[in-house]
Structure formats: structure tokens, C-alpha cells
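The residues making up each chain are set out below.
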Amino acid sequence: MRTGSPLYARALETLKGSALFSALDEPVMEEMLSSFRAETWHRGATIMDPEGTVQRFYVLTSGRVKVTRSNPATGRELILFLLGPGDGFDVVSLLDNKKHNVSVSALDDIEALSSPLDTIRAWIERHPEFNKSFLPYIGRQMRQVADLASDLALHDTETRLLKLLLQHTVQSNPHPRLRLIYDRSHEELANMIGSVRTVVNRHLQELKREGIITAWRGHLEISDLHALVRKVREHLRSEERRGSR
């Protein structure tokens, strides 16, 4: 990406605020930007399939994507991650240079930076300080996948949905807000917790009746964060009591 590019200033600001790159000095970020090219994708586009995971590395500068695993025989989909500006993909293939059986699709019209994997690896070798941000970022993704696996095995659907809402709630004034999932369909929410649309819809309707969430024009909002936290704790205690019997 050239310094005079219209996207350059916005891309640099995205890197400064990114968990992946925030530990780097600005001159190093500028050097890295020279290795990237800018790309745009329309909502609904498949940005990366399993074959593409060993070709290029992407950093989002605007918009959101979902990273999924699917079963071709049944059409069932499990959403592993929702990613936003500053996030990178595919981290797994960047590490081991092997094809990763995931697909990445655009949830919005997006802008992204991309570079061949070999270029990124060579850049990392020249700048080991990148690991100050990169290793914790990998750790957070590994923890998220481990938490998803644990939730699928150990918690019922309602508890998983409550935890998902809490995980994506951001404290802000004057009211808390949902990050990344605020406009996702009930089917997509179900795909994030290993359930089906009808079950998720039933639980969301109950949360609306309890005044914990509100929904308008396809958007979800958290109305009572304290009640949401309390309900998560009650469900976890209830499961613990059932398990001790």
C-alpha cells in the first residue's frame, strides 16, 4: 500500500488500535503497510476458503467477517469467530503453513489489507517485537475456541446463549451495547452456540419478556446488564447443583 493511498491513513489508524499491532512503533507499522495491498469485498462474499488459508493473510480495516466450519452433508454451520476491524485471519495457517478447514465470509461491505503468508513470516522474522502483540492475540483465540468446546459439552442451550450475549456486551455510557452480534439473525446466533434457530428464538423471547434485552428492526440491545449477569450466574449454579446430585 502506498503512502498516498486514500486508505493509507485509515489503515494506519486501524493498526494502531489493533490488538495485533498496537505494541509496534509507528515506523514499523508503516513498513508493514508497504507489504500489504488494499482489498474490498461486498457483504455475503466468501473472502477465504480452506485452500485460500495457505495463500494470504488478511487484516480487517472496516466491517465484520465470520469464520466458520461446516458439514457439507448436512449443511450445518458452526461459527468459530466473529472478527472486526484490526483482527487478522487466518492465524492458524500463518503459524503452521497448512490448510485450515474454515471459510471466512463478509457480514458487511468490508475493507481489508492482505499479503502473502511468506511475506508476513519474513516480516515477523525481521521484527520479533511483533510477538508482544501476536502471541497474546493467538492466546485469546485459542481460549475462545476452548471455551466454545467446553460450553458445547458442559452447558445447556440457554446458558450458552446467555454467555454469548454477555461475552459480546461492552460497557458504555449511558447504556451497555452489543459488539459484533447486535444485528445477527437468530439462525446465526444459533450457529455460534451449536443450536437451532427455533430454540434460540424461544430463549430470546423469554429474555425480552424479562426486560433483559430489547429488539427493534433486527437489532438486539442489552436493557439490563445486571439482570443478564445475575441470570448467567443462576444458570451456572443450577447446572452445578444438578451435576452434584
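Preceding this paragraph is the structure being described.
Rules of the game
Per-chain numbering applies: the sequence of each chain, read as written, is numbered from 1 onward. Two thresholds apply to this predicted model, a pLDDT of at least 70 for residue-level local features and 80 or more for giving and counting side-chain atom pairs, whereas whole-chain, interface and lining totals are computed over all residues. The side-chain quantities take in all heavy atoms of the structure and omit both hydrogens and water. Strands are runs of DSSP state E lasting at least 2 residues, helices are runs of H or I lasting at least 4, and numbering of each runs from the N terminus. Radius of gyration: over C-alpha atoms. The globule rule applied is 2.2 Å multiplied by the number of residues raised to the 0.38 power. The cut-offs for exposure are 20% and 50% of the maximum accessible area for each residue type, with area from a 1.4 Å probe on protein chains only; residues under the lower value are buried, those over the upper are exposed, and the others partly exposed. Contact between two residues is taken to exist if any of their heavy atoms lie within 4.5 Å; hydrogens are not considered. Note that accessible areas follow from Shrake-Rupley with a 1.4 Å probe, and for residues the cover is restricted to the protein chains shown. Charge assignment in this entry is limited to Lys and Arg as positive and Asp and Glu as negative, and neither His nor the chain termini are counted. Charged side chains are reduced to one point each, which is NZ for Lys, CZ for Arg, CG for Asp and CD for Glu. Any Lys or Arg side-chain nitrogen located within 4 Å of an Asp or Glu carboxyl oxygen qualifies as a salt bridge. Under the rule applied, a polar contact is a pair of N or O atoms within 3.5 Å (in protein, one hydrogen donor and one hydrogen acceptor; residues adjacent in sequence only if both atoms are side-chain atoms). Our arc is simply the arc of the directions from the helix axis toward the C-beta atoms. One requirement defines pairing of two strands: DSSP has to find at least two bridges between them. Axis definition: a line fitted to C-alpha atoms, limited for helices to the stretch in contact. Angles are taken between N-to-C directions and run from 0 to 180 degrees. The nonpolar core is taken to be a set of buried Ala, Val, Leu, Ile, Met, Phe, Trp, Tyr and Cys residues, with the residues joined through side-chain atoms within 4.5 Å. Stacked, edge-to-face and tilted are the three classes for Phe, Tyr and Trp ring pairs, Trp counted by its six-membered ring, which pair at centre distances within 6.5 Å; planes under 30 degrees apart are stacked, over 60 edge-to-face, the rest tilted.

Participant: Explanation requested: the overall build of the protein chain in the structure shown.
Facilitator: Of the regular secondary structure elements, the protein chain holds 9 helices and 12 strands. Expected size for 245 residues packed as a compact globule is a radius of gyration near 18 Å; at 20 Å, the protein chain falls within 12% of this value. Overall, the protein chain is about 55 × 45 × 35 Å in size when its C-alpha atoms are taken along their principal axes. Within the protein chain, buried positions represent 46% of all 245 residues. Of all intrachain contacts in the protein chain linking residues separated by at least 6 positions in sequence, the fraction that spans at least 24 positions is 70%. About 13,100 Å² of surface is accessible on the protein chain, with carbon and sulfur atoms providing 50% of the total. If the 34 positive side-chain charges of the protein chain are averaged to one point and the 32 negative ones to another, these points end up 5 Å apart.

Participant: Help me out: how do you make sense of the side chain of D90 in this one?
Facilitator: The residue D90 is located in the loop between β6 (88-89) and α3 (91-96) in this model. No salt bridge is formed by the buried D90; the nearest opposite charge belongs to R121, separated by 8.8 Å. Polar side-chain contacts of D90 include one of 3.0 Å to the side chain of H100.

Participant: Any chance you could explain helix α4 (residues 117-126) here in plain terms?
Facilitator: Every α-helix winds through 3.6 residues per turn, so residues three or four apart in the chain are directed the same way. Buried within α4 are the following residues: L117, I120, R121, W123 and I124. Around the axis of α4, the buried residues are gathered within 160° of arc, so they sit on the same side. When the buried face of α4 is taken as reference, the exposed residues oriented beyond 90 degrees from it are D118 and E125. Buried residues along α4 sit against α2 (26-33), β3 (56-62), α3, β8 (110-116) and α5 (131-154).

Participant: Whenever I open this one, the sheet that holds β8 confuses me. Can you help?
Facilitator: Consider a sheet: its strands pair through backbone hydrogen bonds, and that pairing is either parallel or antiparallel. Across the sheet, which stays open at both edges, the 4 strands sit in the order β1-β8-β3-β6 with antiparallel pairing between neighbours. The sheet is open, and its two edges are formed by β1 (37-41) and β6, each paired on a single side. One ladder, built from 2 bridges, connects β3 with β6; its direction is antiparallel. Looking at the pairing, Y58 lines up with F89 of β6. Each of β3 and β8 touches helix α1 (residues 8-16); the most contacted strand, β3, lies at about 100° to it.

Participant: Help me out: how do you make sense of the side chain of Q141 in this one?
Facilitator: Locating Q141 in the fold gives a position in helix α5. Judged by its relative accessible area of 14%, Q141 falls in the buried class. Setting aside residues no more than four positions away along its own chain, Q141 makes contact with F81, L83, G88 and V91.

Participant: Honestly, the nonpolar core in this entry has me stumped. Any pointers?
Facilitator: A general feature of soluble globular proteins is that nonpolar side chains tend to end up buried together. Core analysis: the biggest nonpolar cluster contains 41 residues, and F21, F57, V65, L83, F89 and F130 have the highest contact counts within it. Setting aside residues no more than four positions away along its own chain, V65 makes contact with I47, L60, F81, L82, L83, F89, V104, S105, A106, L107 and I110.

Participant: Quick question: what am I supposed to make of the environment of M32 here?
Facilitator: Here M32 is to be found in helix α2. Along the sequence, M32 and L15 sit 17 residues apart, while their C-alpha atoms lie 9.8 Å from each other. Not counting residues up to four positions away in its chain, the partners in contact with M32 are F21, I120 and W123.

Participant: Can you help me understand the packing of aromatic side chains in this one?
Facilitator: Both the distance between ring centres and the angle between the ring planes are used here to describe each pair of aromatic rings. Counted according to the given criterion, the structure contains 4 aromatic pairs. Between Y58 and F89, the aromatic rings sit 5.3 Å apart at their centres with planes inclined by 5°, giving stacked as the arrangement. Pair noted here: Y58 is in strand β3 and F89 is in strand β6, with a separation of 31 residues, a long-range link. With respect to burial, Y58 and F89 carry one shared label: buried. Measuring from centroid to centroid gives 5.4 Å for W123 and F130, while their planes differ by 80°, and the two rings are edge-to-face. Residue W123 shares its accessibility class with F130, and that shared class is buried.

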